[in-house]
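Below, each chain spelled out in residue letters.
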Number of protein chains: 2
Amino acid sequence: MGKNISDIYNMLQEIAWHFGNHGFDEECCEDLSLVEFMALKKVCDNKCFSIQEIGNALNFTKSGATRIIDRLENKGYAIRERSPVDGRVCCVAVTAEGKLVISKVTEQYTVYLEDMLKGLEPQKIESIKDALKTMIELIQRQESIQSDDE
Amino acid sequence: MGKNISDIYNMLQEIAWHFGNHGFDEECCEDLSLVEFMALKKVCDNKCFSIQEIGNALNFTKSGATRIIDRLENKGYAIRERSPVDGRVCCVAVTAEGKLVISKVTEQYTVYLEDMLKGLEPQKIESIKDALKTMIELIQRQESIQSDDE
DNA sequence: ACATGATAGTTGACAACATCAACCACTATG
DNA sequence: CATAGTGGTTGATGTTGTCAACTATCATGT
């Protein structure tokens, strides 16, 4: 049984490698690094996402998060606004250009993945999707347990 | 359909994030970075793995690969030997300590994943394994296509 | 045999990036 | 209103990967 599980881990690691930072030959997402792209996606999902929240979501320190948002802002994909509720926190928001770049990159990836998956029966694709969804849920549950500990 | 595929991509990216470099709170694998660990695993799988092959396998330049092997050698997990067949190439090999650290880390991960997956029916786990295996095969096929292009 | 070109690996200079610690600005509490 | 706490920024720093130039070895043709 342990062997089975460690196989799964190794496969997850391979996949993580491929779809993570090292799977790209050149630039990953237009003029964004993967880190920046992930941050932008998080920002896009939320109304008023603070710097620290970004850091927590992506496992960065707050100064790391500051730097990432700096870069996104310089590229014109995000903006900082002071929160009206609490003058200390920054509400980070996507710009129109930010939204555009996300959809552009997503489109690109979809084509890529579609090509990769073509030839599989739809039913097989569905089962992959199911499996991934289960994994995501497990990850999220586990993350919420971790944050309870703190 | 496109929506379905882009969902899959987003999930893959989430998973890649979690099991990749940014999913760790602290050190990832004993005293190794993820990159070093991946390289060590590759080395371990092959008898006489050259520096360039490591670079290709992990998407690094040859000088990057040199640096990674430097680190592994300094930590005592790998050794360089000149190939007897071709005096230019380095055969990188794992040391006993290298093997030890791999099995130690693998053990650790297995426990972690086992805990994460407990509660799922064995049948569900099997279907996850299947899905991952399919993904890996697709990745490998696609990589071999890429290397044909060059 | 030897000149020429290709290939494997190394190295110095460099740039990108994330962290730490110190700091500033604002908020909350007594 | 003093004090402590929190969110965010910044300078200094260390790690890490790339580029280009270099050395050493091999392969080829004459």
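Residues numbered from 1 in each chain as written. Chains lettered and ligands numbered in written order. Predicted model: local features only at pLDDT ≥ 70, side-chain atom pairs only at ≥ 80, totals over all residues. Heavy atoms only, no water.

**Remarks on the protein's contact with DNA strand C**
Here comes step 1: Neighbouring DNA strand C are 22 residues, the closest being R67(A), Q52(B), K62(B), R80(B) and C90(B).
Here comes step 2: Close to the protein, within 4 Å, the atoms of DNA strand C are drawn from sugar and phosphate at a rate of 61%.
Here comes step 3: Between DNA strand C and the protein, one listed contact pairs a phosphate oxygen with a side-chain N or O atom of T61(A) at 2.9 Å.
Here comes step 4: Interatomic distance of 3.3 Å between a side-chain N/O atom of R88(B) and a base oxygen of DNA strand C.
Here comes step 5: When residues of the surface near DNA strand C are traced back to their parent elements, those giving at least two are helix 4 (62–74) of chain A together with helix 3 (51–58) and helix 4 (62–74) of chain B.
Here comes step 6: At five residues, helix 4 of chain A tops the list of elements feeding residues into the surface near DNA strand C.
Here comes step 7: Of the residues assigned to the surface near DNA strand C, the class counts are six nonpolar, eight polar and eight charged. (Near = heavy atom within 4 Å. Polar contact = N/O pair within 3.5 Å; in protein donor to acceptor, adjacent residues only side chain to side chain. Helix = DSSP H or I, 4+ residues; strand = E, 2+ residues; numbered from the N terminus. Nonpolar A, V, L, I, M, F, W, Y, C, P; charged D, E, K, R; others polar.)

**As for the packing of helix 3 of chain B against helix 4 of chain B**
Residue and element names in this part refer to chain B.
Here comes step 1: Their axes nearest at 8 Å, the elements helix 3 and helix 4 cross at an angle of 105°. With respect to helix 4, the axis of helix 3 lies roughly perpendicular. Residues I51, Q52, I54 and G55 of helix 3 lie in contact with helix 4, whose contacting residues are K62, A65, T66 and I69.
Here comes step 2: Taken together, the residues of the contact of helix 3 with helix 4 sort by class into four nonpolar, three polar and one charged. (Axes fitted to C-alpha atoms, helices over the stretch in contact; angles between N-to-C directions. Parallel < 35°, antiparallel > 145°, perpendicular 65-115°, else oblique. Contact = heavy atoms within 4.5 Å.)

**Focus on the relation of the copies chain B and chain A**
Here comes step 1: Between the two copies, chain B and chain A, the superposition gives an RMSD of 0.1 Å; the rotation angle is 180° and the shift along the axis is 0.0 Å. Taken together, the rotation angle and the small translation identify this as a two-fold axis. Across chain B, the smallest distance between a C-alpha and the rotation axis is recorded for A16(B), namely 1.9 Å.
Here comes step 2: Most of the interface of chain B is mirrored in chain A, where 100% of its interface residues are also at the interface. (Least-squares fit on C-alpha atoms with pLDDT ≥ 70 in both.)

**Section: the protein's contact with DNA strand D**
Here comes step 1: Among the 21 residues in the neighbourhood of DNA strand D, the closest are listed as K62(A), R80(A), C90(A), R67(B) and R71(B).
Here comes step 2: A distance of 2.7 Å is found between a phosphate oxygen of DNA strand D and a backbone nitrogen or oxygen belonging to C90(A).
Here comes step 3: The side chain of T61(B) places a nitrogen or oxygen atom 3.0 Å from a phosphate oxygen of DNA strand D.
Here comes step 4: Across the surface near DNA strand D, the residue classes break down as five nonpolar, eight polar and eight charged.

**Focus on the confidence of the model for chain A**
Here comes step 1: Looking at chain A as a whole, its pLDDT mean stands at 92, while 95% of the residues score no less than 70.
Here comes step 2: When pLDDT is averaged over each element of chain A, helix 4 of chain A comes out on top at 98 and helix 6 (residues 122–149) of chain A at the bottom at 87. (pLDDT = per-residue confidence, 0-100.)

**Here's the deal with the interface of chain B and chain A**
Here comes step 1: Contact residues are listed per partner, giving 58 residues for chain B and 59 residues for chain A.
Here comes step 2: A combined buried area of about 6000 Å² lies between chain B and chain A, and 72% of that area is made up of carbon and sulfur atoms.
Here comes step 3: Linking chain B to chain A there are four salt bridges.
Here comes step 4: We note a salt bridge from D7(A) to K129(B), for which the minimum N-O separation is 3.8 Å.
Here comes step 5: Inspection of the chain B/chain A interface yields 12 residue pairs in polar contact (both at pLDDT 80 or more). (Buried area = accessible area lost by both parts, 1.4 Å probe. Salt bridge = Lys/Arg side-chain N within 4 Å of Asp/Glu carboxyl O.)

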